[in-house]
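Chain by chain, the residues:
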Amino acid sequence: MAKTTFAHHNTYSQKGNSKSRSVRDICAEAGREQGAAPHVEMPTKPEILQGLNPSNIPDLIESRVKEQNKTLREMRKAETTKEKGIRKDTHVLSAAVFSYPDPVGQTDKEDYQRWREDVVQFANKDCRRQGLEVLSIIEHTDEAHPHIHVLSAPHIKPLSRLHVANPRMDAKRCHDGHKAQAAHIERGLHGSPSRSYKAAMRNWQDRYHEQVGPVPSNNYFRQDLPIPAQDVPKLKKNGTKT
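These lines cover the structure that appears in this document, whether it is placed above or below. (Residues numbered from 1 in each chain as written. Predicted model: local features only at pLDDT ≥ 70, side-chain atom pairs only at ≥ 80, totals over all residues. Heavy atoms only, no water.)

Here we take up unusual backbone geometry. Even without being a glycine, arginine 32 presents a positive backbone phi close to 55°. Along the chain, the position of arginine 32 falls in the loop between helix 1 (23–30) and strand 2 (47–51). When its relative accessible area of 10% is taken as the criterion, arginine 32 is described as buried. Phi at methionine 169 is positive, roughly 55°, even though this residue is not glycine. Tracing the backbone through its elements, the reader meets methionine 169 in the loop between strand 5 (147–154) and helix 4 (176–186). A residue is classified by how much of its surface remains accessible, and methionine 169, at 1% relative accessible area, is buried. (Helix = DSSP H or I, 4+ residues; strand = E, 2+ residues; numbered from the N terminus. Buried < 20%, exposed > 50% of the residue type's maximum accessible area, 1.4 Å probe, protein only.)

Next comes the structure, spelled out in structure tokens:
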């Protein structure tokens, strides 16, 4: 039967803490810098599918933060903003990971290539929707399952009328879960704000699976093969042509 793929999305600060790694930690692992991926038995150089080498991202973000803090100070002095400066614990990096369900060495080449292309397309569209700039898309094949990391940073100026300015480069303002949680608190809704966070992230995962998954397994959904009759209603419900 068809297999679904794993997808996860989080944000990180320059400083990091006991519960979350730092921007530099995340980028070092993605770039497979020496000693940065102890969970990988034999780390290999990642393939950069788009953008920068992850190892260059921390310095780029640090430079942007420094320049934007200077701009914010001038704006506060001119009384054109009340936005505070960007702190070391402000989340300024967005990171998503998408994992293929079949183990390395056991993937169908055509199916995997199609999935990889779909993930890159989804990542670019989804980052733009959230007001994020894609900095790097990297492929890892040195763990049990092939997977793709997407590293992005907030746009400061709005990309369209659907976006708002993000002068503090706050990645949480772009993240569906964090936005839903903040709205929950602001509106004084009942229940734990984490419920709104989880619901928003389920919607994000649903959006991913609608546009990328499910992944065929053993040529199960190849168009040149017959589809079992019992699965036709499921496919029609999902809008898949039979």
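This is not the end of the story, as more comes after the structure.
This paragraph deals with the packing of helix 1 against helix 2 (residues 57–77). It is at 9 Å that the axes of helix 1 and helix 2 come closest, and there the two elements cross at 150°. It follows from the interaxial angle that helix 1 and helix 2 lie roughly antiparallel. The segment helix 1 lies against helix 2, with Val23, Arg24 and Cys27 engaging Ile57, Pro58, Asp59, Ile61 and Glu62. Grouping the constituent residues of the contact of helix 1 with helix 2 by class yields five nonpolar, no polar and three charged. (Axes fitted to C-alpha atoms, helices over the stretch in contact; angles between N-to-C directions. Parallel < 35°, antiparallel > 145°, perpendicular 65-115°, else oblique. Contact = heavy atoms within 4.5 Å. Nonpolar A, V, L, I, M, F, W, Y, C, P; charged D, E, K, R; others polar.)

It is worth spelling out the packing of aromatic side chains at this point. What the rule picks out here adds up to eight aromatic pairs. Note on phenylalanine 98 and tryptophan 204: the rings are 6.0 Å apart at their centroids and 40° apart in plane angle, and the pair reads as tilted. In this pair, phenylalanine 98 sits in strand 3 (residues 91–99) while tryptophan 204 sits in helix 5 (residues 193–211), placing the two residues 106 residues apart along the sequence. You can call phenylalanine 98 buried: its relative accessible area is 2%. Ring centres of tyrosine 112 and tryptophan 115 lie 5.5 Å apart, and the angle between their planes is 35°; on these two criteria the pair is classed as tilted. One end of the pair, tyrosine 112, and the other, tryptophan 115, are both in helix 3 (residues 109–130), three residues apart, so they sit about a helical turn from each other. In textbook terms, an aromatic cluster arises when at least three aromatic residues are bridged by ring pairs, as seen for Phe98, Phe122, Trp204 and Tyr208. (Phe/Tyr/Trp six-rings, centres within 6.5 Å; stacked < 30°, edge-to-face > 60°.)

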